[in-house]
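# Fold and geometry: a report
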2 protein chains.
Amino acid sequence: MEKRYLFTPGPTPVPPEVLAATAEPMVHHRGADFRVVYERALGRLQDVYRTRGQALLFAASGSGAMDSAVANLTGPGDRVAVVVAGAFGERWVKVCTHYGLDVQRLDYEWGEVPDPAEIGSAVAASGVATVFCTQSETSTGVVSDVQAIKAAVGDARLVVDAVSSLGAVPLETEAWGIDVAVSGSQKALMCPPGLAMAAIADDLWDVLPPSRTFYFDWRATRRAQEAFDSAFTPPVSLIKGLDVALGMILDAGLEAAFERHVRLGRATRAGLKAMGLELFSPDDDSSAVVTAARVPEGIEAPVLLRHLREKHGVTLAPGQGALKPSVFRIGHIGWFDVFDIASALAAVELALTELGADIERGVAVGRAFEAYEQRVAA
Amino acid sequence: MEKRYLFTPGPTPVPPEVLAATAEPMVHHRGADFRVVYERALGRLQDVYRTRGQALLFAASGSGAMDSAVANLTGPGDRVAVVVAGAFGERWVKVCTHYGLDVQRLDYEWGEVPDPAEIGSAVAASGVATVFCTQSETSTGVVSDVQAIKAAVGDARLVVDAVSSLGAVPLETEAWGIDVAVSGSQKALMCPPGLAMAAIADDLWDVLPPSRTFYFDWRATRRAQEAFDSAFTPPVSLIKGLDVALGMILDAGLEAAFERHVRLGRATRAGLKAMGLELFSPDDDSSAVVTAARVPEGIEAPVLLRHLREKHGVTLAPGQGALKPSVFRIGHIGWFDVFDIASALAAVELALTELGADIERGVAVGRAFEAYEQRVAA
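Residues numbered from 1 in each chain as written. Chains lettered and ligands numbered in written order. Predicted model: local features only at pLDDT ≥ 70, side-chain atom pairs only at ≥ 80, totals over all residues. Heavy atoms only, no water.

## Observations concerning the packing of helix 5 (residues 116-126) of chain B against helix 6 (residues 146-153) of chain B
Residue and element names in this part refer to chain B. Orientation of helix 5 relative to helix 6, taken along the N-to-C sense of each, is 30°, at an axis distance of 8 Å. Our classification of the angle between helix 5 and helix 6 gives roughly parallel. Crossing handedness for the pair helix 5 and helix 6: right-handed. Residues Pro-116, Ile-119, Gly-120 and Val-123 of helix 5 form the contact with helix 6, whose own contacting residues are Ala-148, Ile-149, Ala-152 and Val-153. (Axes fitted to C-alpha atoms, helices over the stretch in contact; angles between N-to-C directions. Helix = DSSP H or I, 4+ residues; strand = E, 2+ residues; numbered from the N terminus. Parallel < 35°, antiparallel > 145°, perpendicular 65-115°, else oblique. Left-handed = near helix turned anticlockwise from the far one by under 90°. Contact = heavy atoms within 4.5 Å.)

Put into structure tokens, the structure is as follows:
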């Protein structure tokens, strides 16, 4: 009988319309019924990416799209730079190292915001041709300024992990000259996990080396998609869900989604601070995707999370890596509204009280609504 | 208002219980609710594979599992043999060639049944260490005797494409000593596409070279699965569906599934022959997965298929490659019963009549039921 509440930064809650689309009777992937959906979903994906370039779709987790970027852009021994400021920056390093690249790490403390000018200087000094970075570092809540990073790295290619940011914060893939932006279905795109995507700038196609993997071969995938076909049997049900979800996002307008995420971030921060908790993620409007906070003295974060899950059916996300004992995270990506934030805050307040923490009670939800009410300046 | 009928060999129809499971509200992949499902699904997958060895699960199309086998078993320049008797044998060649292997083709005509003794002799003569074959060649309807092939190749490893055969025809992965068997969710496992799997014999783990892809790294996947975790965000909704579907299959018993597939194949062949059509797939009980038949003189197969789809909402599968003009295929994999076969046969009969073909009318469905009624000897 106990209800469940999912406030994690991926998988995120999926709207019932999207779930219903994924549960429609199966159709053949080469039939006319599916082709209409597929063509529309691919077009909508370009619209969400804000690009007229190819947006490739793979049956895979988001990390599959990361793999595809390294496997299609590089050859063994290539020198590349990776901006590392959290767990997903480390994932780029792992993929690049796996494929035998010579990796120049541009390290930041977890929670620190990468500095575009510094990145530009380091890339200019080393002369690497390809730079990997993370737009929204889900492990810390930091959102990087990828427009400024692209401007700073000059002629080097910028490959952006937009897994938790696409559809949540602005990403003008084409206008900003982002060379590659990879993403996944289970974050702001409001779908179940299982679809990965990669938007690829037009001018890359002529200079790609042969793909180092068979499955994630960008050229083969592009050839198929241009005929509204797929290289391998596509995940029909997930693509039906994606089509509906992208339609919902675009009908309401991407700008509305961006504004909602900013305001949800404000509400979350205001509520946590009202309880007397210390934020780990930045305390400003850039922090629109996930909010990370420190537990109060004397409470272990894993104990809080287990208590929330087992006693109240509420799932928040743990801190990653060294942050595990001291940090918890509330996602507000995709299909979230202010009532979700109110529930998450109320649950944290209740659980901390039950665990004996000394926090301010009865104010978090009210402060969250106040913070949410302010419009974001255009 | 027009109803739709899906009689293709993948994606195949998905039972409503499975669709409903895929559409449940999203849960976190590291939470207790999902862990129970995941652990049970992984165990059921071993049961369906009939192995106590690891069965790895990937977010991918079936071809992703094929990629994983080549990427984890071989190094550049390795000599391997591939049994080629249709489109999916050709796919093994493509994957192997992509990864720079030296491929010894063991070619059979499309529609011919590969000869285990011949394969054994060829492998002994060349001394290759790894052989790739296809259990059910979906493009032709031929099912190979992989038990005999494994016995014939001696110490060479046998990697079996079981994408359309797992759960449809016997595959005793462990007892037969099959080294690797790859499969996909969207065939006899009665799920939407998007999950790929690979069962790996225990004695392989100590001798695997480093994985050539990051995403499909078997060792990393195994490490995660052993803790009932996953290397990357797993496709939660598809795994929920898989758990339900495998439960349905195992509750009824794998032997019952194998017998049903044999009898559905008999029914399909009896009906097609009663109309006066010529079979392309073998006319015996080995042909339990998909039935391929030739169109009558004067009819183009693509015209028949389009007519069926557009006028009657019925989707059959085309011939692949050079068979496209002359062959069509009826799948009877997974969630099919004899009434589905009756509908498929009635639709073919109606459409051929409407297209002016000279066929025998009014007998196909009756003959199909007669053929279906005979039990299969244990």
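## Quick look at helix 3 (residues 62-73) of chain A
Between its first and last C-alpha atoms helix 3 of chain A spans 17 Å; for 12 residues at 1.5 Å apiece the expected length is 16 Å, and the two agree. Among all positions in helix 3 of chain A, only A:Gly62, A:Ser63, A:Gly64, A:Ala65, A:Met66, A:Asp67, A:Ser68, A:Ala69, A:Val70, A:Ala71, A:Asn72 and A:Leu73 are buried. (Expected span 1.5 Å × (residues − 1). Buried < 20%, exposed > 50% of the residue type's maximum accessible area, 1.4 Å probe, protein only.)

## Remarks on the sheet that holds strand 11 (residues 290-294) of chain A
Residue and element names in this part refer to chain A. Spatially, 11-14-13 is the arrangement adopted by the three strands of the open sheet, whose pairing is antiparallel. Looking at which strands have only one partner, the edges of the open sheet turn out to be strand 11 and strand 13 (317-318). Sheet topology note: the strand 13/strand 14 (residues 327-331) ladder contains two bridges and is antiparallel. Its bridge partner lying in strand 14, Ala-317 is registered against Arg-329. (Pairing = 2+ DSSP bridges.)

## Notes on the packing of helix 9 (residues 254-275) of chain A against helix 11 (residues 338-354) of chain A
A packed helix pair is summarised by two numbers, namely the angle formed by the two axes and the spacing between the axes. Residue and element names in this part refer to chain A. At a minimum axis separation of 10 Å, helix 9 and helix 11 run at an interaxial angle of 20°. Viewed along their axes, helix 9 and helix 11 adopt a mutual orientation that is roughly parallel. Crossing handedness for the pair helix 9 and helix 11: right-handed. Contacts between helix 9 and helix 11 pair Leu-264, Ala-267, Thr-268, Gly-271, Leu-272 and Met-275 from the former with Val-338, Ile-341, Leu-345, Val-348 and Glu-349 from the latter. Partitioning the contact of helix 9 with helix 11 into residue classes produces eight nonpolar, two polar and one charged. (Nonpolar A, V, L, I, M, F, W, Y, C, P; charged D, E, K, R; others polar.)

## Thoughts on the side chain of A:Thr8
Residues and elements named next belong to chain A. Among the secondary structure elements, Thr-8 is positioned in the loop between strand 1 (5-6) and helix 1 (16-22). Owing to a relative accessible area of 0%, Thr-8 belongs among the buried residues under this scheme. Engagement of the side chain of Thr-8 in a polar contact is seen with the backbone oxygen of Pro-11, the distance being 2.8 Å. (Polar contact = N/O pair within 3.5 Å; in protein donor to acceptor, adjacent residues only side chain to side chain.)

## Some words on the interface of chain B and chain A
Each partner contributes to the interface: chain B provides 52 residues, whereas chain A provides 52 residues. Summed over both partners, the interface of chain B with chain A comes to about 3,800 Å²; 66% of that surface belongs to carbon and sulfur atoms. Three residues stand out in chain B for area buried against chain A, namely B:Met26, B:His28 and B:Phe214, and they jointly supply 18% of the buried area on that side. Inspection of the region where chain B meets chain A yields two salt bridges. A salt bridge links B:Arg4 to A:Asp33, with the nearest nitrogen and oxygen atoms 2.3 Å apart. For the interface between chain B and chain A, the tally reads 16 residue pairs in polar contact (both at pLDDT 80 or more). Those elements that provide at least two residues to the side of chain B that touches chain A are helix 1 (16-22), helix 2 (32-49), helix 3 (62-73), helix 4 (87-98) and helix 8 (236-252) of chain B. A total of four residues in the side of chain B that touches chain A trace back to one element, the largest contributor, which is helix 4 of chain B. Residues of the side of chain B that touches chain A, tallied by class, amount to 25 nonpolar, 18 polar and nine charged. (Buried area = accessible area lost by both parts, 1.4 Å probe. Salt bridge = Lys/Arg side-chain N within 4 Å of Asp/Glu carboxyl O.)

## A look at helix 11 (residues 338-354) of chain B
All names here are of chain B. The end-to-end C-alpha distance of helix 11, which contains 17 residues, comes to 24 Å, matching closely the 24 Å that a straight helix rising 1.5 Å per residue would cover. Listing the buried residues of helix 11 in full gives Val-338, Ile-341, Ala-342, Ala-344, Leu-345, Ala-347, Val-348, Glu-349, Ala-351 and Leu-352. On its buried face, helix 11 sits against helix 9 (254-275), helix 10 (301-312), strand 12 (314-315), strand 14 (327-331) and helix 12 (364-373). A side-chain oxygen of the first residue of helix 11 lies 2.9 Å from the backbone nitrogen of Phe-339; this N-cap is Asp-337. In the segment just after helix 11, Gly-356 is the residue with positive phi, at about 85°.

## Details of the pattern of salt bridges
Counted according to the given criterion, the structure contains 44 salt bridges over all chains. When the shortest N-O distance is used, the salt bridge between B:Arg361 and B:Glu349 registers 3.9 Å. Pair noted here: B:Arg361 is in the loop between helix 11 and helix 12 and B:Glu349 is in helix 11, with a separation of 12 residues, a long-range link. We classify B:Arg361 as partly exposed; its relative accessible area is 47%. Each member of the salt-bridge network shares a partner with another, and the members are A:Arg266, A:Arg269, A:Lys273, A:Asp283 and A:Asp285.

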